[in-house]
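Observations on the model geometry
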Protein chains: 2
Amino acid sequence: MNISIIGAGNMANQLGLALLQSGHKIDKIYNRTYLSAKTLAEVLNGQAVSDIKGLSPKIDILIIAVSDEAISEIVAQLSKKKWEDVIVMHTSGSISSAVLEGFSLNAVFYPFQSMTAGQELEFRSVPLLLTSKNETVLTKLKQVAVTLSDLVYEISDDQRKVVHIAGVLANNFSNHLFVLANDLLEQHELSFDILKPLIRHTVEKLDTMDPLASQTGPGVRGDAKVIIDHLKQLDQVPELYEIYAIMTKSIMDRHFSTPLKVQKEK
Amino acid sequence: MNISIIGAGNMANQLGLALLQSGHKIDKIYNRTYLSAKTLAEVLNGQAVSDIKGLSPKIDILIIAVSDEAISEIVAQLSKKKWEDVIVMHTSGSISSAVLEGFSLNAVFYPFQSMTAGQELEFRSVPLLLTSKNETVLTKLKQVAVTLSDLVYEISDDQRKVVHIAGVLANNFSNHLFVLANDLLEQHELSFDILKPLIRHTVEKLDTMDPLASQTGPGVRGDAKVIIDHLKQLDQVPELYEIYAIMTKSIMDRHFSTPLKVQKEK
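Here we summarise the structure given alongside this text. What you are looking at is a predicted structure, and each value in this text was computed from that prediction instead of being measured.

Details of the packing of helix H8 (residues 224-233) of chain A against helix H5 (residues 157-187) of chain B
- It is at 11 Å that the axes of H8 of chain A and H5 of chain B come closest, and there the two elements cross at 105 degrees. Judged by the angle between their axes, H8 of chain A and H5 of chain B are roughly perpendicular. In this structure, H8 of chain A contributes Val-226, Asp-229, His-230 and Gln-233 of chain A to the contact, and H5 of chain B contributes Lys-161, Val-162, His-164, Ile-165 and Val-168 of chain B.
- For the contact of H8 of chain A with H5 of chain B, the residue count by class is four nonpolar, three polar and two charged.

So this is what it looks like as structure tokens:
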């Protein structure tokens, strides 16, 4: 495919590189800061343009890979008539496809992975979540997506929002728990390295087991003695105390409440 | 070393097997249920005894690998005089070494990994946490520990409790977040497989980055719009709403509050 990109940040870089490496052609790159567009254009063998009007509609796909806040601003600058034969898509997990509804061929193309500057992504194992109400657009995007990744999913706007929330729970919040554990260990002159094998083991288990089945710890054992002991220990750290109590309650509710409910209903 | 084991559960099985494979000799095994002792004894080339008094003190180490609740009960059944030349140790993360203080040579030998029945552990990458007030005991246990694992740590009773709490935070609570994310995805007919690459990526980053530096998501970006939108979406699930709010507040406090405090103190 022949593709132009608006934006020159992490997403534009990673996705652009993956597209180029999969044999697609990058036509033009526009970015608010021209220098960044120029730098990226050199990497992607494309052409940087200093004005958004310099983008040519003689392409298959126009990718809007800018920050969530900037998407509607970019959309306002694009003539709907000019782009009516081109698939116009953004790459955001939290912005609805409705923002693009003025374009006859619109879609969302959401690579579900955290992007870190300078770290090249292994795109083949990045889930690509595609949203479009237009079947022809969807078919065409799927053709592009499978050249990049083995994990291509078709989802609705509502589903994409749910995936985003689930990602925050499973990924951002888990990582924050690692931060809190690290803080606690450091305060007691212990190394975070002690925790790493356990964390790795838990994640490896996800390959073969349901997370519900592989839950361990005092909460799922209903081990009140250990729980009370831990809470007592955390008494001086109100924030950790609160998180410990709420998460433990949630674990116990999730693992013990269903059978009790069933008994009640008898 | 010549070693006897009290208990025939997961810990006794996994640790016993690791010891045997590292060239140690298993003398006798006692368990409340004789049949389990017999089964384990066959695996470990040891001898099952039906009475705790049948254990011989002509060994180097006696391992008490029973549930936390049963430890003191076992200790009460062991004559202090009989075991005065033997290292008597338990394997629990949450029980203090004080429970063994009647024995002249006592210690705690805590393999810090979750044990799943039937799944053999790769002991070389299991952190072994050793506690003893006796330097000679510690030296001897370290000799044993390095034959089993590359990760041997000497810690105090207080530190072991902290490690246990950190493990609950980083491991049990993270896994529960995977459960909650899985629930949410299932409710919207989405596969948990979508999340796995992101989770794996986050854990892989721990090898090269501090968890604090690798935090991503709306909380650390201070992206109020996305956070409010997610909370609105979770309005119907009070438990998830609460966890989302508390974890996000904790992330923002952790990442934004320190510099503010520093400014105030100026």
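So, unusual backbone geometry
- The phi dihedral of Glu-189 of chain A falls on the positive side, at around 55 degrees, and the residue is not glycine.
- As for its placement among the helices and strands, Glu-189 of chain A is situated in the loop between helix H5 (157-187) and helix H6 (196-205).

Brief notes about the pairing of strand S1 (residues 2-6) of chain B
All names here are of chain B.
- Burial runs high along S1: four of the five residues are buried.
- For S1 and strand S2 (residues 25-30), the ladder comprises four bridges, and the chain directions are parallel. Pairing of Ile-5 across the sheet is with Ile-29, part of S2.
- A crossover connection joins S1 to the parallel S2 through helix H1 (residues 10-21); in handedness this β-α-β unit is right-handed.
- Pairing of S1 with strand S4 (residues 61-64), which is carried by four bridges, proceeds in the parallel orientation. Considered in S4, the bridge of Ser-4 is made with Leu-62.

A few points about the interface of chain A and chain B
- Listed as interface residues are 85 residues of chain A and, on the opposing side, 85 residues of chain B.
- Carbon and sulfur atoms make up 68% of the area that chain A and chain B hide from each other, which totals about 8200 Å².
- Counting across the chain A and chain B interface gives six salt bridges.
- Put simply, Arg-254 of chain B and Asp-183 of chain A hold a salt bridge, and the shortest N to O gap is 2.7 Å.
- Here chain A is connected to chain B by 32 residue pairs in polar contact (both at pLDDT 80 or more).
- Mapped onto the side of chain A that touches chain B, the elements with two or more residues apiece are H5, H6, H8 and helix H9 (238-265) of chain A.
- If one sorts the elements of the side of chain A that touches chain B by residue count, H5 of chain A sits on top with 26 residues.
- Residues of the side of chain A that touches chain B, tallied by class, amount to 42 nonpolar, 26 polar and 17 charged.

What counts and what doesn't
Residues numbered from 1 in each chain as written. Chains lettered and ligands numbered in written order. Predicted model: local features only at pLDDT ≥ 70, side-chain atom pairs only at ≥ 80, totals over all residues. Heavy atoms only, no water. Axes fitted to C-alpha atoms, helices over the stretch in contact; angles between N-to-C directions. Helix = DSSP H or I, 4+ residues; strand = E, 2+ residues; numbered from the N terminus. Parallel < 35°, antiparallel > 145°, perpendicular 65-115°, else oblique. Contact = heavy atoms within 4.5 Å. Nonpolar A, V, L, I, M, F, W, Y, C, P; charged D, E, K, R; others polar. Buried < 20%, exposed > 50% of the residue type's maximum accessible area, 1.4 Å probe, protein only. Pairing = 2+ DSSP bridges. Right-handed = clockwise from strand over helix to strand, strands pointing away. Buried area = accessible area lost by both parts, 1.4 Å probe. Salt bridge = Lys/Arg side-chain N within 4 Å of Asp/Glu carboxyl O. Polar contact = N/O pair within 3.5 Å; in protein donor to acceptor, adjacent residues only side chain to side chain.

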